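Commentary on secondary and tertiary structure
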Amino acid sequence: MEPNDVGTYTLLSNMYAKAKRWDEVLKVRKLMRERSLKKEPGVSWIEIRNTTYVFVCDDSNHPESSQIYEKISELLAKIKLLGYVPDVASILHDVENEQKEDYLSYHSEKLAIAYGVMKTPPQAPIRIIKNLRMCDDCHSAVKLISKLTKRDIIVRDSNRFHRFQDDCCSCADYC
């Protein structure tokens, strides 16, 4: 009996990708296409002045997307000076490390946080809601962004609340 739900195919695809069995990954993704199964995209929401803004991974539909991308680049450059190293191992695609780093840069929560940094007062907390579990790379980055910006950043993902303060998270890094 073959699997017929998105979660099972995603798990298989991720297992093959971690083992660098790219031919098997392609087969699983082909089966998913044939069965019209799609992974749920990562989505993050932030509310600012009673307006909710929605961000999707690698999203460029926001009217201020170029400024948001500039802010992300600026934040990532600054946290690299604090020791941030992108976790390219978490990108399960057969691409070069530089492209993996680009993928990581524009996860939905990073877009929402960058927008929050741009649009809220400097001491105001940033509150994000996310539909999926936060990846390890985003968790590490947000810890350092909280330290850099001297802000509380609260992210509610599908598993738990994360309250980031000064390079620490309330989950004790139990992502």
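Data block above holds the structure.
Since the structure is predicted, the reported quantities are computational estimates derived from the model, not experimental observations. (Residues numbered from 1 in each chain as written. Predicted model: local features only at pLDDT ≥ 70, side-chain atom pairs only at ≥ 80, totals over all residues. Heavy atoms only, no water.)

1. A closer look at the overall build of the protein chain
- Each helix and strand counted, the protein chain has six helices and six strands in total.
- What you see in the protein chain, going N to C, is helices and strands ordered as α-α-β-β-α-α-α-β-α-β-β-β.
- The buried share of the protein chain, reckoned over its 175 residues, is 41%.
- A sequence separation of at least 24 residues applies to 60% of the contacts in the protein chain between residues at least 6 apart.
- Surface exposure of the protein chain reaches about 10,300 Å², of which carbon and sulfur atoms provide 51%. (Helix = DSSP H or I, 4+ residues; strand = E, 2+ residues; numbered from the N terminus. Buried < 20%, exposed > 50% of the residue type's maximum accessible area, 1.4 Å probe, protein only. Contact = heavy atoms within 4.5 Å. Areas by Shrake-Rupley, 256 points an atom, 1.4 Å probe, with all protein chains shown as cover.)

2. As for the sheet that holds strand β1 (residues 43-48)
- Ordered in space as β2-β1-β3-β4-β5-β6, the six strands form an open sheet in which the pairing is mixed. Edge positions in the sheet fall to β2 (51-56) and β6 (168-169), since each of these pairs with one other strand and no more.
- Where β1 lies against β2, six bridges are found, and the strand directions are antiparallel. By the bridge assignment for β2, isoleucine 48 is matched with threonine 51.
- In the packing of helix α5 (residues 108-119) onto the sheet, the strands contacted are β1, β2, β3 (126-130) and β4 (153-156), and the crossing angle to β1 comes to about 15°.
- Strands in contact with helix α6 (residues 136-149) are β4, β5 (161-165) and β6; relative to β5, the strand with the most contacts, it is inclined by about 40°. (Pairing = 2+ DSSP bridges. Axes fitted to C-alpha atoms, helices over the stretch in contact; angles between N-to-C directions.)

3. A short note on the packing of aromatic side chains
- Here the structure, examined in full by the defined rule, presents three aromatic pairs.
- Ring centres of phenylalanine 55 and tyrosine 115 lie 5.7 Å apart, and the angle between their planes is 55°; this geometry places the pair in the tilted category. Here phenylalanine 55 is found in strand β2, whereas its partner tyrosine 115 is found in helix α5, with 60 residues between them in sequence. Neither phenylalanine 55 nor tyrosine 115 differs from the other in exposure class; each is buried.
- Plain terms: the ring middles of tyrosine 69 and tyrosine 106 are 4.3 Å apart, the flat faces sit at 15° to each other, and that makes the pair stacked. Of this pair, tyrosine 69 sits in helix α3 (residues 65-81) while tyrosine 106 sits in the loop between α4 (97-105) and α5, placing them 37 residues apart in sequence. Here tyrosine 69 and tyrosine 106 have matching classes, each one buried.
- A network of ring pairs unites the aromatic residues Tyr53, Phe55 and Tyr115 as a single cluster.
- It is arginine 156 that lies over the ring of phenylalanine 161; its NZ or CZ is 4.9 Å from the centre. (Phe/Tyr/Trp six-rings, centres within 6.5 Å; stacked < 30°, edge-to-face > 60°. Lys NZ or Arg CZ within 6 Å of the ring centre and 35° of its normal.)

These values are about where atoms sit, not about what they do.
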